[in-house]
Amino acid sequence: MAAGAARLTHPESGAAFPPPPLDARPIDRDAWIAAFRTVREETERRAAPLSPEDQQIQSMEDASPTKWHRAHTTWFFEQFLLGDHQPGYRLFDERLHYLFNSYYVQAGPRQPRFMRGMITRPTAQETAAYRAHVDRAVSVWLREASDEALARALPILEIGLYHEQQHQELMLTDILHAFAQNPLDPVYDARWSLPAAQASAGQSALKKGITQIGYDGHGFAFDNESPRHDVLMLEARIDRGLVTNRDWLAFMEDGGYARPELWLNDGWVALQREGWEAPGYWRREADGWSTMSLAGRKPVDPAAPAAHVSYYEADAYARWAGRDLPTEAEWEVAARDGLIDDAFGLVWQWTRSAYGPYPGYRPVPGALGEYNGKFMSNQYVLRGSSVATAQGHARVGYRNFFYPHQRWQFTGLRLADAGS
């Protein structure tokens, strides 16, 4: 077990991140180098408990091997930062760009996503050498580039850091899915646990009126969080706490997975196709239900928030309860105004808002414009963050998104009601 792995028991590790403001003058090169190293080291810390065999596996098309995550985040810096902004930079190995591009069509051809697990070479050790090569080059660039060059390229470095943090979360959720397929119920970290919920009971009122949501211009934000815009809020109430496993067990005991009137048609089809009868990773045991976690298989904790549920399941649960999922605007206003508990650090929370562009949204030019904009169809927005989210990554305006059938992430829910 890697030293420091116990920090997975809580998402706030106290790391020196995020980096300084982009408009800071003079540019604090030491702070940017520290932020870069912090993020890169966290990736390696999360990979350290895994064997080379663990790092190779791809358990489904939605997931990627740990080794691929380590290499892809390195490719991102080499492709978009060093290749474009460091004169004379020499690629570590030009063949790797085909292997570790993800979905950036403008950046060139790429290995099909479902075949990432076939990339046995480079090895995990060679991937570490690739990361070290790029790390050295970025550190040198941060030391030696002119202030003018840094000012042009620091936005790319910053998005690269937040991009790598996204993959740090995926590293944990993807290996959890892989381990859940193994009859031995492997343990990633025996000391891992979900933090205890801090929620108080009851609901908070949301007032009717016009307010604003979206990026407020302070700190970092992805392009899909802009522009800030007016929304009409209707009178509503939102639960302070998350739906728990105890709540979910009541849904199951009342036949929630066997009542088609509770389900969207596509959800009912998915339920039948996949054989869903409980949240992801749950298994019926002789004395109750167990769930697979990063600490191995454990009994289901009734007090813990329900997790690894799809949008279809969340929607069916809300309908069973005679209630609603909140809209993303309701969630953002409630979180911003301190009206909900456990908004961050436990589970991402489904909203009933389809993932689409905010009014006036335009993707950034070039290949980086493919980061968010081209995925704005057929998905739903999740808000908050999860236990697997890297420290410093969560924000009130953050818009996560997944397809409605997906549930390998730490995805849960809270409920809301229209009117008073």
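Let me begin by describing the structure that accompanies this report. (Residues numbered from 1 in each chain as written. Predicted model: local features only at pLDDT ≥ 70, side-chain atom pairs only at ≥ 80, totals over all residues. Heavy atoms only, no water.)

### Overview of the packing of aromatic side chains
Then comes step 1: The final tally for this structure, using the stated rule, is 30 aromatic pairs.
Then comes step 2: With a centroid separation of 6.4 Å and 85 degrees between ring planes, the pair formed by F76 and F77 is classed as edge-to-face.
Then comes step 3: By the ring-pair criterion, three or more aromatic residues cluster together here, those being F36, W75, F76, F77, F80, Y103, Y104, Y355, F375 and F401.
Then comes step 4: One residue, R116, lies across the ring of W68, its end atom 3.7 Å from the ring centre.
Then comes step 5: Lying across the ring of Y358, R399 places its NZ or CZ 4.1 Å from the centre. (Phe/Tyr/Trp six-rings, centres within 6.5 Å; stacked < 30°, edge-to-face > 60°. Lys NZ or Arg CZ within 6 Å of the ring centre and 35° of its normal.)

### A few points about the pairing of strand β9 (residues 380–383)
Then comes step 1: Relative to β9, strand β8 (residues 348–354) is paired through 3 bridges, and the arrangement is antiparallel. Its bridge partner lying in β9, Q349 is registered against R383. (Pairing = 2+ DSSP bridges. Helix = DSSP H or I, 4+ residues; strand = E, 2+ residues; numbered from the N terminus.)

### Quick notes on the packing of helix α1 (residues 29–47) against helix α5 (residues 124–144)
Then comes step 1: One way to put it is that α1 packs onto α5 with a least axis distance of 9 Å and a crossing angle of 170 degrees. One way to sum up the angle between α1 and α5 is to call them roughly antiparallel. Here α1 contributes R29, D30, W32, I33, F36, R37, R40, T43 and E44 to the contact with α5, which in turn contributes R131, D135, V138, S139, L142, R143 and E144.
Then comes step 2: For the contact of α1 with α5, a count of residues per class yields 5 nonpolar, 2 polar and 9 charged. (Axes fitted to C-alpha atoms, helices over the stretch in contact; angles between N-to-C directions. Parallel < 35°, antiparallel > 145°, perpendicular 65-115°, else oblique. Contact = heavy atoms within 4.5 Å. Nonpolar A, V, L, I, M, F, W, Y, C, P; charged D, E, K, R; others polar.)

### Side note on α1
Then comes step 1: Between its first and last C-alpha, α1 extends 28 Å over 19 residues, near the 27 Å set by a 1.5 Å rise per residue.
Then comes step 2: For α1, the full list of buried residues reads R29, W32, I33, A35, F36, V39, R40, E42, T43, R45, R46 and A47.
Then comes step 3: In this fold, the buried residues of α1 make contact with α2 (52–56), α3 (66–85), α5 and α6 (147–180). (Expected span 1.5 Å × (residues − 1). Buried < 20%, exposed > 50% of the residue type's maximum accessible area, 1.4 Å probe, protein only.)

### Describing the sheet that holds strand β4 (residues 236–239)
Then comes step 1: Taking strand neighbours across the sheet as the criterion, the 3 strands line up as β1-β4-β12 in an open arrangement whose pairing is antiparallel. Edge positions in the sheet fall to β1 (203–206) and β12 (416–418), since each of these pairs with one other strand and no more. The mean inter-strand angle of the sheet, taken between neighbouring strand axes irrespective of direction, is 20 degrees.

### Examining a nonpolar patch on the surface
Then comes step 1: Taken together, the side chains of I210, L232 and L234 make up a nonpolar region of the molecular surface, amounting to roughly 350 Å² of accessible area.
Then comes step 2: If you trace the backbone, L234 turns up in the loop between β3 (229–233) and β4. (Patch = residues over 30% accessible without salt bridge, like charges linked within 9 Å, V, L, I, M, F, W, Y side chains within 5 Å. Areas by Shrake-Rupley, 256 points an atom, 1.4 Å probe, with all protein chains shown as cover. Salt bridge = Lys/Arg side-chain N within 4 Å of Asp/Glu carboxyl O.)

### Observations regarding the sheet that holds strand β7 (residues 296–299)
Then comes step 1: Strand order in the open sheet made by the 3 strands is β5-β6-β7, with antiparallel pairing throughout. The open sheet has two edge strands, β5 (282–285) and β7, and neither has a second partner. Across the sheet, the mean angle from the axis of one strand to that of its neighbour is 35 degrees, orientation sign disregarded.

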